[in-house]
Amino acid sequence: MKEIHSRLPDIGTSIFAVMSKMAQEQGAINLSQGFPDFKVSEKLIELVHQQMKDGHNQYAPMPGVPSLRQTIASVILQSYGHKVNPETDITITAGGTEAIFATITGLVSPGDEVILFDPSYDCYDPAIRLNGGIPVPINILPPDFTIDWDQVKSKITSRTRMIMINTPQNPSGAVLKEEDLKTLEGIVNDHGILVLSDEVYERIIFDQLVHQSVMRFPGLAANSIAVFSFGKTFHATGWKVGYTVASPAITNEIRKAHQFITFSVNTPIQLALAEYMKEPAHYLELSKFYQQKRDFFLDQIKGSSFEPMACHGSYFQLLSYKGVSSKSEVEMAEWLTKEHKLASIPVSVFYKDKTDNQLLRFCFAKGEDTLAEAGKILNRF
Ligand code: GLN
């Protein structure tokens, strides 16, 4: 057989699949792949069940069920003070990952440059390259993972089409500040660049900080695609439902791609979410809930030489093991999983140039028993 020509020759299986599999094979505590081990609310499950029993089991409209888009529009207005039209500005997608892929497919042409910040979530770079775009990574570094906007300006060329941001950031747990967004707003207005803003952890932000959505800044909202996810907010990552919010002209291009990637997202869950999301308590409590988790986890590892980086949002805690071992991150993650039965994610895989800061990412979206067990293991060092 003739050799198959790979579009992504350098890409193997995603680190999340690799580490979750290793955790399972090794009988290790799995703090690698990010997913909550909490139950989805009974009420939400009942709502889905009812929709199915009521016969809502055929294709949803391509952009999403109208009632869900209406609820989302009112939540965006309440949360970020930005008025969007549910008809023309919101598209329901099969999770944040499809939202990102459909956005890039719809808007990035071959040869277009896309600026992104490494460590970046693993689907960004391949989504750009599969569409013929050119990723332009800028490294952001511990301990704070702040963006140097002058460096960003120096990377802009006539081919720069898009800048991708992610706040709260996965894997670092860093959050962007108002000044960051204002600076970005200025850059975008000067250069006519689109912003793809991955905000899937919008409801998981700590220490009294405020989530700086692009939707809060008129000059950004007009040129941005904001991506959100129900999986993170309602403990249902396996349902794979997310959405994009963007101006009508931008949304039009996203939908051209979305309609040929998935066409539409499952109907009963959308209808159920439309009801469930109407109650603000269902999402406004989440920051407090996860801040307690973060603090509980940090408390467990107080005596350990694993040193925490600041985590202001998301459900990921980075720990430096500089005082523990000189292994590379990939070796260390494998060693901890195999020898100590605790799985995590090496951060170097999220850097194009494999920058190794001796950091591992631990997901704290777990019950206290699990976090305490993990803490015991980390306290061996
Ligand atoms: N978002 C999850 C994480 O960061 C992983 C999702 C996936 O496995 N693709 O761990």
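As a starting point, this report considers the structure included with it. (Residues numbered from 1 in each chain as written. Predicted model: local features only at pLDDT ≥ 70, side-chain atom pairs only at ≥ 80, totals over all residues. Heavy atoms only, no water.)

1. Thoughts on the pattern of salt bridges
Next up, step 1: Summed over the entire model, instances satisfying the criterion amount to 15 salt bridges.
Next up, step 2: Across the pair Lys352 and Asp125 runs a salt bridge, and its minimum N-O distance is 2.9 Å. In this pair, Lys352 sits in the loop between strand 12 (345-346) and strand 13 (359-363) while Asp125 sits in helix 6 (residues 124-130), placing the two residues 227 residues apart along the sequence.
Next up, step 3: Its relative accessible area of 13% is what places Asp125 among the buried residues.
Next up, step 4: Across the pair Glu275 and Lys278 runs a salt bridge whose closest N-O atoms are separated by 3.0 Å. (Salt bridge = Lys/Arg side-chain N within 4 Å of Asp/Glu carboxyl O. Helix = DSSP H or I, 4+ residues; strand = E, 2+ residues; numbered from the N terminus. Buried < 20%, exposed > 50% of the residue type's maximum accessible area, 1.4 Å probe, protein only.)

2. Some words on the side chain of Ser32
Next up, step 1: You can see Ser32 is positioned in the loop between strand 1 (29-30) and helix 2 (42-53).
Next up, step 2: Looking at Ser32, the relative accessible area reads 0%, which means it is buried.
Next up, step 3: Once residues lying within four places of it in the same chain are set aside, the contact partners of Ser32 are Met19, Ser20, Ala343, Ser344, Ile345, Arg361 and Cys363. (Contact = heavy atoms within 4.5 Å.)

3. Some points on the side chain of Ser20
Next up, step 1: Within the secondary structure, Ser20 is located in helix 1 (residues 15-26).
Next up, step 2: Residue class for Ser20 comes out buried when judged on its relative accessible area of 15%.
Next up, step 3: Among residues more than four places away in sequence, those in contact with Ser20 are Asn30, Ser32, Gln33 and Phe35.

4. Let's talk about the site of the ligand
Next up, step 1: The ligand sits among Phe16, Gln33, Gly34, Tyr121, Asn170, Tyr201, Phe316 and Arg361.
Next up, step 2: Within the side chain of Tyr121, one N or O atom sits 3.1 Å away from a nitrogen atom of the ligand.
Next up, step 3: Note that an oxygen atom of the ligand is positioned 2.8 Å from one of the side-chain N or O atoms of Asn170.
Next up, step 4: Here the ligand loses 77% of its free accessible area of 300 Å² to cover by the protein chains.
Next up, step 5: Considered class by class, the residues forming the shell around the ligand number 4 nonpolar, 3 polar and 1 charged. (Near = heavy atom within 4 Å. Polar contact = N/O pair within 3.5 Å; in protein donor to acceptor, adjacent residues only side chain to side chain. Areas by Shrake-Rupley, 256 points an atom, 1.4 Å probe, with all protein chains shown as cover. Nonpolar A, V, L, I, M, F, W, Y, C, P; charged D, E, K, R; others polar.)

5. Focus: helix 14 (residues 286-300)
Next up, step 1: With 15 residues, helix 14 should reach 21 Å at 1.5 Å per residue; the first-to-last C-alpha distance of 21 Å fits that figure.
Next up, step 2: When we look at burial in helix 14, the residues that qualify are Leu286, Ser287, Tyr290, Lys293, Arg294 and Phe297. On an axial view of helix 14, the arc spanned by its buried residues comes to 125°, and they lie on one face. With respect to the buried face of helix 14, the exposed residues turned more than 90 degrees away are Lys288 and Gln292. (Expected span 1.5 Å × (residues − 1). Arc of directions from axis to C-beta.)

6. As for helix 12 (residues 267-276)
Because each turn of an α-helix spans 3.6 residues, side chains separated by three or four positions in sequence point in the same direction.
Next up, step 1: Of all 10 residues in helix 12, 9 are buried; the element is thus mostly enclosed.
Next up, step 2: Listed in full, the buried residues belonging to helix 12 are Thr267, Pro268, Ile269, Gln270, Leu271, Ala272, Leu273, Ala274 and Tyr276.
Next up, step 3: Where helix 12 is buried, its residues touch helix 2, helix 3 (66-80), strand 2 (90-93), helix 10 (230-233) and helix 13 (281-284).

7. Concerning the sheet that holds strand 4 (residues 134-139)
Next up, step 1: A sheet is described by the order of its strands in space; here 7 strands give the open sequence 2-8-7-6-5-3-4, paired in mixed fashion. A single partner strand is all that each edge strand has here, and the edge strands are strand 2 and strand 4. Taken over all neighbouring pairs, the strand axes of this sheet differ in orientation by 20° on average, direction set aside.
Next up, step 2: Judged from the 5 bridges that link them, strand 7 (residues 224-229) and strand 8 (residues 242-246) form a sheet pairing that is antiparallel. Pairing of Val227 across the sheet is with Thr244, part of strand 8.
Next up, step 3: Most of the contacts of helix 8 (residues 178-191) go to strand 5 (residues 160-166), to which it runs at about 170°, and overall it touches strand 5 and strand 6 (194-198). (Pairing = 2+ DSSP bridges. Axes fitted to C-alpha atoms, helices over the stretch in contact; angles between N-to-C directions.)

8. Examining the packing of aromatic side chains
Next up, step 1: Across all of its chains, the model carries 20 aromatic pairs by this definition.
Next up, step 2: With centroids separated by 5.2 Å and ring planes inclined at 45°, the aromatic side chains of Phe230 and Tyr243 adopt a geometry described as tilted. Taken together, the positions of Phe230 in helix 10 and Tyr243 in strand 8 put the pair 13 residues apart, joining distant regions of the chain.
Next up, step 3: Here Phe230 falls in the buried class, since its relative accessible area comes to 4%.
Next up, step 4: Note on Trp335 and Phe381: the rings are 5.8 Å apart at their centroids and 55° apart in plane angle, and the pair reads as tilted. Taken as a pair, Trp335 in helix 15 (residues 329-340) and Phe381 in the segment after helix 16 (368-378) lie far apart in primary sequence, 46 residues in all.
Next up, step 5: Through successive ring pairs, a cluster of aromatic residues spans Phe38, Tyr201, Phe289, Tyr290, Tyr315 and Phe316.
Next up, step 6: Looking at Lys327, its charged tip hangs above the ring of Trp335, at a distance of 4.9 Å from the centre. (Phe/Tyr/Trp six-rings, centres within 6.5 Å; stacked < 30°, edge-to-face > 60°. Lys NZ or Arg CZ within 6 Å of the ring centre and 35° of its normal.)

9. So, the environment of Gly81
Next up, step 1: Summarising the element assignment, Gly81 is placed in the loop between helix 3 and helix 4 (86-89).
Next up, step 2: The class for Gly81 is exposed, based on a relative accessible area of 60%.
Next up, step 3: Each C-alpha atom, one on Gly81 and one on Trp335, is 48 Å from the other, the two residues being 254 residues apart in sequence.

10. Considerations on the sheet that holds strand 12
Next up, step 1: Ordered in space as 9-10-13-12, the 4 strands form an open sheet in which the pairing is antiparallel. Strand pairing shows two members of the sheet lacking a second neighbour, strand 9 (307-308) and strand 12, which therefore form its edges.
Next up, step 2: Judged from the 2 bridges that link them, strand 12 and strand 13 form a sheet pairing that is antiparallel. Bridge pairing in strand 13 links Pro346 to Leu360.
Next up, step 3: Packed on one face of the sheet, helix 15 meets strand 12 and strand 13 and runs near 45° to strand 13.

The values are spatial; any link to function lies outside them.
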